[in-house]
Amino acid sequence: MVEPVALEHFFLFFFAAALVIFAALGYALTYSFARLYQKRSLLYWAGLAYGVLTVSVFWLAYLANLHGFWSILVGMLLVGYGLAPVLIWHLCVATHD
Amino acid sequence: MTRPLDSSNLNDGQKLAVKYFVVAVILFFAQLVFGMLAGIQFVHPDFLYGVLDFNVNRMVHINAMIVWMLYGFIGSVYWFLEEESGREIAGLKLGNLGFWVLTAAVTVVVAVYLLVQVGPGNDFTRWFINEGREYIEAPRWADIGIVVVMLIFFYNVAVTFSRGKWSGIAGVLTLDLVALAGLYLAGMFYVTNISIDQYWWWWVIHLWVEATWEVLVGCIMAWTLMHLLGVRRKIVETWLYIEVALMFGSGILGLGHHYFWIGSPEYWLAIGGFFSALEPIPLVAMVVHSIYDSGVHKLRNRNHPALAWVIAHAFGNFLGAGVWGFMHTLPQINLYTHGTQWTASHGHLAFFGAYATINIAFFYLAVQRWRGDVWMGANLVGGWRWKWALGLLSLGVIGMTMALLIAGYEQSFIERAMGGSTWSAYFAGQNHPWFVESMVWRMIFGWVTIAGFGLLVWDLLVIGKHEVRPAETLLEEPALVHG
Amino acid sequence: MEQIPFWASKSFWKKMAIWVTAGSFLLLIILTFDTMSKVTAGTKRVPDYSVINKQIDYRYDESKHHSMPVIGGDAPLFGKILSEQEAEQLVTLGKKTIQAKNCMNCHTLLGNGAYFAPDLTKAWLDPAWGPESVRPMLMKMFLMDPEGNARTYGSGRKMPNLGITEQEAEGIIAFLKWMSSINTNGFPYNFKTAGGQ
Ligand code: HEM
Ligand code: HEM
Ligand SMILES: [Fe+2]
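This structure is a prediction, so every number in the text was calculated from the model and none was measured.

**Here's the deal with the pairing of strand E1 (residues 54-61) of chain C**
The pairing of E1(C) with strand E2 (residues 66-74) of chain C spans 7 bridges and is antiparallel. Paired with Asp61(C) across the strands is His66(C), a residue of E2(C).

Here is the structure:
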């Protein structure tokens, strides 16, 4: 059911996992600042951060052997961390009106 | 001219809260001292050998932590109970009695831990000396005492609210306290079967720190934000509900990340992996929300140290629980990191980042009122002290976390993956230079932590003493002008 | 001020909070019932306490891609076949002693506990104890006098004497033997027993 991380991928795995969450943070930060200051240029940075997130999620999937059934998790990470900041921002605006 | 700490500035609930805070700070100190003793034993195994062995020091270290944080939470709730409900506290005498009973019980329990330590393998030991289960070692008699005191606390909260205003915060708080106390019962029985034992043990530990405690902090934060930044109630309460949905939605089944290797069925590998991988989402959501809020409020606030610690809480929760949690939560890697210094690294950063910080923030709110709503904004007299306390405590804990991370990485590699976790493989990991040096660095940063704590206490005792300015008054929050 | 959309309203999120919590909790309860039925002693994953009468090993399983406990023929502990009830009594004494002596604030069991001393999940099978013929005796000697029988592998980190009686030591050994028979989904990974490969 689970194919553990290979020994030689140990270090890279931790790196990739940390990168996933930091990229998610970077994306959330740039996205919300772009909205806050209404700066389009920052949205490009947000796009870039999401690109890093995508790459790191696939890298993580490769290192942790997330294939077959586990590839659902890859989709969940991409969608979940991708949509959360957008939805939350809209919620912020809507609740504060 | 100085401003004294004057209890006539406080309402009855707040006077009771201050007692809880004082004991919390004392136990925080005990936590650090016994952490240091345990840490030294990694470097010098003969230190206090046979007198205060590692298991005793570690038990006091983590028990003191759980108890001081609970004291802080209880104090915080008593602090805002009267203002939030608009009523006098329902059972003040009972509340005071509860405080003294709990404090006496804690004292006896710790004295028995230190003086008696262990007993023969029978039921008496579990009832009167030590239950021998991590974090909930308190003997059974004390468990029952704790439940009784929690019931008194619960009575005070529920009845005070129901006689006064029953706000959204009141509703969430009351239900969360029921869950928190109910979960404790899951740790109060004996079983021989270790798989069943660990199954329920994690209900207490995980469902406390990753579900009910997070929501309790959410309630405290909700109230704090209204008073620190002047955010409107309706907004704060909507967000409290959003947080509950996100936290419980990922955290309750995230429990599965502890059921990979304890004998439970294989489906937990998937449930634990999937749900816990989503646990950082609420933490990312908080970041987005706080940026929005900072845009609205431009970080104007009436208590700079408290707000700084609230920000430290947001970061610490994100790093310790979110990043450090995610890095070892998939079974594909947890197979190796499980039960190593990796876990300890995460445990330190998460508990400090999420829960020590928010308690300290509240201590600052309390001393501000205690000195009669003194100025705690810009150019505070002696303002360097709280900044250095914050800096040193954070540096100390992050330093320890990094040392443990290196040790944990090495341990999961050498002992768990290569050596197969045998007795000799264990020591191969422990004797590795990376490990040995990390243990020394942990002690160095431990001293930094202690120094930060010393400054913190000093600051809490004197902050605002020489201030003449009263605290800033807050305006109602403006809505963000938005296109 | 415009109307707040329903998906941002307080009442919507109140309901969401309640339904999400109730739903997750309900699922957890159902899973708990199922798990309890699969981890009760005497099931496939967690054998009867009388498994201590048998030979136990931990070997790599090709189909599972991880190591699995393997139960073999008779191998009575302390030279005597115990009834299910006697076995449970002995293992219970072991578990109570392990709690009373606070072993889990130095050791991990099933990987949970403290990190000052080796993991005990498969301690019964540890190659350092030698062949099964001497294992119970060596373990008993160690538990009753860990200081005198210290190994420490050059670390100097000794286990202290905890006042464990002979009876308690036998209980602990029975408990450790029983615990080594639990199917832990392959944790610890790559653990090489004295008997296995
Ligand atoms: C504020 C929240 C949190 C706190 C205070 C916290 C604290 C801890 C502590 C103290 C332990 C060690 C327990 C023991 O003694 O055995 C632990 C274990 C663990 N935590 Fe957290 N945690 C938090 C959030 C999270 C999150 C969000 C995740 C996942 C994304 C996570 C993943 C884990 C895992 C996988 C383990 C098991 C480690 C092992 O296998 O040894 N934690 N946590
Ligand atoms: C003065 C600095 C400190 C030192 C030297 C220290 C040392 C230690 C040691 C030696 C352990 C046992 C780890 C093991 O079993 O190998 C431990 C466990 C623990 N400490 Fe600390 N500690 C310190 C401060 C803190 C702080 C500030 C917190 C949180 C607020 C904390 C939370 C914990 C937790 C949660 C555990 C259990 C970890 C687990 O089971 O994974 N400690 N500490
Ligand atoms: Fe957890």
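Read on for the rest.
**Regarding the coordination of the iron ion (ligand 3)**
Residues and elements named next belong to chain B. Of the protein atoms, only His-206 (ND1), Glu-210 (OE), His-257 (NE2) and His-258 (NE2) coordinate the iron ion (ligand 3), at distances of 2.1 to 2.2 Å. With 4 donor atoms in place around the iron ion (ligand 3) and angles of 82 to 150 degrees between them, the coordination shape is irregular. Read N to C, the donor residues that coordinate the iron ion (ligand 3) are spaced as H-x3-E-x46-H-H. A separation of 4.2 Å is found between the iron ion (ligand 3) and the iron atom of ligand 1. You can see His-206 and its partner Glu-210 sitting in helix H7 (residues 194-228), 4 residues apart, about one turn around the helix.

**A closer look at helix H2 (residues 54-85) of chain B**
All names here are of chain B. Counted at 1.5 Å a residue, the expected span for H2 with its 32 residues is 46 Å, and the 46 Å between its end C-alpha atoms agrees. Of all the bends found along H2, the most pronounced is centred on Trp-79 and spans about 30 degrees. For H2, a buried count of 30 out of 32 residues is recorded, marking the element as mostly surrounded by other parts of the structure.

**A few points about the environment of Arg58(B)**
Looking at the element boundaries, Arg58(B) is found in helix H2. With residues near it in sequence (within four places) discarded, Arg58(B) still touches Ala38(B), Glu134(B), Asn105(C), Gly113(C), Ala114(C) and Tyr115(C). Reaching out from Arg58(B), the side chain makes a polar contact with the side chain of Glu134(B) at a distance of 3.0 Å.

**Side note on the site of ligand 1**
In the vicinity of ligand 1 lie 27 residues, with Glu134(B), His338(B), Gly339(B), Thr343(B) and His346(B) positioned nearest. The environment of ligand 1 is shared, with nearby residues belonging to chains B and C. Interatomic distance of 2.7 Å between a side-chain N/O atom of Thr343(B) and an oxygen atom of ligand 1. Within the side chain of His346(B), one N or O atom sits 2.8 Å away from a nitrogen atom of ligand 1. At the level of secondary structure, the elements contributing two or more residues to the shell around ligand 1 comprise H7, helix H11 (304-327) and helix H13 (341-370) of chain B. Tallied by class, the residues present in the shell around ligand 1 amount to 10 nonpolar, 13 polar and 4 charged.

**Some details on the coordination of the iron atom of ligand 2**
Ideal coordination angles are 109.5 degrees for a metal with four donors arranged tetrahedrally and 90 or 180 degrees for a metal with six donors arranged octahedrally. All of the protein donors around the iron atom of ligand 2 are His61(B) (NE2) and His348(B) (NE2); their distances to the metal are 2.0 Å. Of the residues examined, His348(B) reaches a relative accessible area of 26% and is grouped as partly exposed.

**Description of the packing of aromatic side chains**
Centre-to-centre distance and the angle between the planes together describe a pair of aromatic rings. Counted under the stated rule, the structure contains 72 aromatic pairs over all chains. Between Phe260(B) and Trp261(B), the aromatic rings sit 5.6 Å apart at their centres with planes inclined by 70 degrees, giving edge-to-face as the arrangement. On the basis of relative accessibility, which here comes to 1%, the residue Phe260(B) falls in the buried class. Given the relative accessible area of 4%, Trp261(B) is considered buried. Chaining the aromatic ring pairs together yields one cluster made of Phe10(A), Phe11(A), Phe13(A), Phe14(A), Tyr336(B), Trp342(B), Tyr409(B), Phe413(B), Trp434(B) and Tyr189(C). Across the ring face of Trp127(B), the terminal group of Arg140(B) is positioned such that the distance to the ring centre comes to 5.9 Å.

**Overview of the site of ligand 2**
Every one of the 27 residues lining ligand 2 counts as a neighbour, but Gln31(B), Arg58(B), His61(B), His348(B) and Tyr115(C) are closest to it. Surrounding ligand 2 are residues belonging to chains B and C, so the site spans chains. Side-chain polar atom of His61(B) to a nitrogen atom of ligand 2: 2.7 Å apart, as the coordinates give it. The contact in question runs from an oxygen atom of ligand 2 to an N or O atom on the side chain of Gln341(B), over 3.2 Å. Secondary structure elements with two or more residues in the shell around ligand 2: helix H1 (12-43), H2, H13 and helix H16 (433-462) of chain B. Tallied by class, residues from the shell around ligand 2 come to 15 nonpolar, 9 polar and 3 charged. Each of domain 1 (13-166) and domain 2 (337-472) of chain B gives at least three residues to the shell around ligand 2.

**Notes on a nonpolar patch on the surface**
Residue and element names in this part refer to chain A. Taken together, the side chains of Phe-11, Leu-12, Phe-15, Leu-19, Trp-45, Leu-48 and Val-52 define a hydrophobic patch exposed on the protein surface, amounting to about 680 Å² of accessible area. Within the residue set of the nonpolar patch, elements represented by two or more residues are helix H1 (10-37) and helix H2 (40-63). If you tally residues by element for the nonpolar patch, the top one is H1, at 4 residues. Relative to the elements of secondary structure, Leu-19 occurs in helix H1. Look at Leu-19 and you get partly exposed, because its relative accessible area is 30%.

**Some thoughts on the nonpolar core**
Side chains of a nonpolar character, in soluble globular proteins, are inclined to be buried together. Ranked by size, the top nonpolar core spans 246 residues in total, and within it Trp213(B) and Trp178(C) carry the most contacts. It is H7(B) that provides the largest number of residues to this core, a total of 25 residues. If near-sequence neighbours (up to four positions away) are discounted, Trp213(B) is found in contact with Ile66(B), Met69(B), Leu70(B), Phe73(B), Leu180(B), Trp208(B), Phe351(B) and Tyr355(B). Residues Phe54(B), Ala344(B), Ala114(C) and Tyr115(C) belong to the second largest nonpolar core, which totals 13 residues.

**As for the interface of chain A and chain B**
Across the boundary between the two partners, chain A contributes 44 residues, which contact 49 residues of chain B. Summed over both sides, the interface of chain A with chain B buries roughly 4,300 Å², with 83% coming from carbon and sulfur. Broken down residue by residue, the surface that chain A buries against chain B is led by Phe10(A), Phe14(A) and His96(A), which jointly contribute 17%. Our count for the chain A to chain B interface comes out at 0 salt bridges. The tally of links between chain A and chain B comes to 4 residue pairs in polar contact (both at pLDDT 80 or more). Take the side of chain A that touches chain B: its biggest share by element is 17 residues, from H1(A). A class-by-class count of the residues in the side of chain A that touches chain B yields 37 nonpolar, 5 polar and 2 charged.

Parameters and conventions
Residues numbered from 1 in each chain as written. Chains lettered and ligands numbered in written order. Predicted model: local features only at pLDDT ≥ 70, side-chain atom pairs only at ≥ 80, totals over all residues. Heavy atoms only, no water. Pairing = 2+ DSSP bridges. Helix = DSSP H or I, 4+ residues; strand = E, 2+ residues; numbered from the N terminus. Donors = N, O, S within 2.8 Å, 3.2 Å for Na, K, Ca; no water. Tetrahedral: all angles 85-135°; square planar, octahedral: opposite > 155°, others 65-115°. Expected span 1.5 Å × (residues − 1). Bend = angle between axes of the 7 residues up to and from the residue. Buried < 20%, exposed > 50% of the residue type's maximum accessible area, 1.4 Å probe, protein only. Contact = heavy atoms within 4.5 Å. Polar contact = N/O pair within 3.5 Å; in protein donor to acceptor, adjacent residues only side chain to side chain. Near = heavy atom within 4 Å. Nonpolar A, V, L, I, M, F, W, Y, C, P; charged D, E, K, R; others polar. Phe/Tyr/Trp six-rings, centres within 6.5 Å; stacked < 30°, edge-to-face > 60°. Lys NZ or Arg CZ within 6 Å of the ring centre and 35° of its normal. Domains from an automatic or database assignment. Patch = residues over 30% accessible without salt bridge, like charges linked within 9 Å, V, L, I, M, F, W, Y side chains within 5 Å. Areas by Shrake-Rupley, 256 points an atom, 1.4 Å probe, with all protein chains shown as cover. Salt bridge = Lys/Arg side-chain N within 4 Å of Asp/Glu carboxyl O. Core = buried A, V, L, I, M, F, W, Y, C linked by side-chain atoms within 4.5 Å. Buried area = accessible area lost by both parts, 1.4 Å probe.

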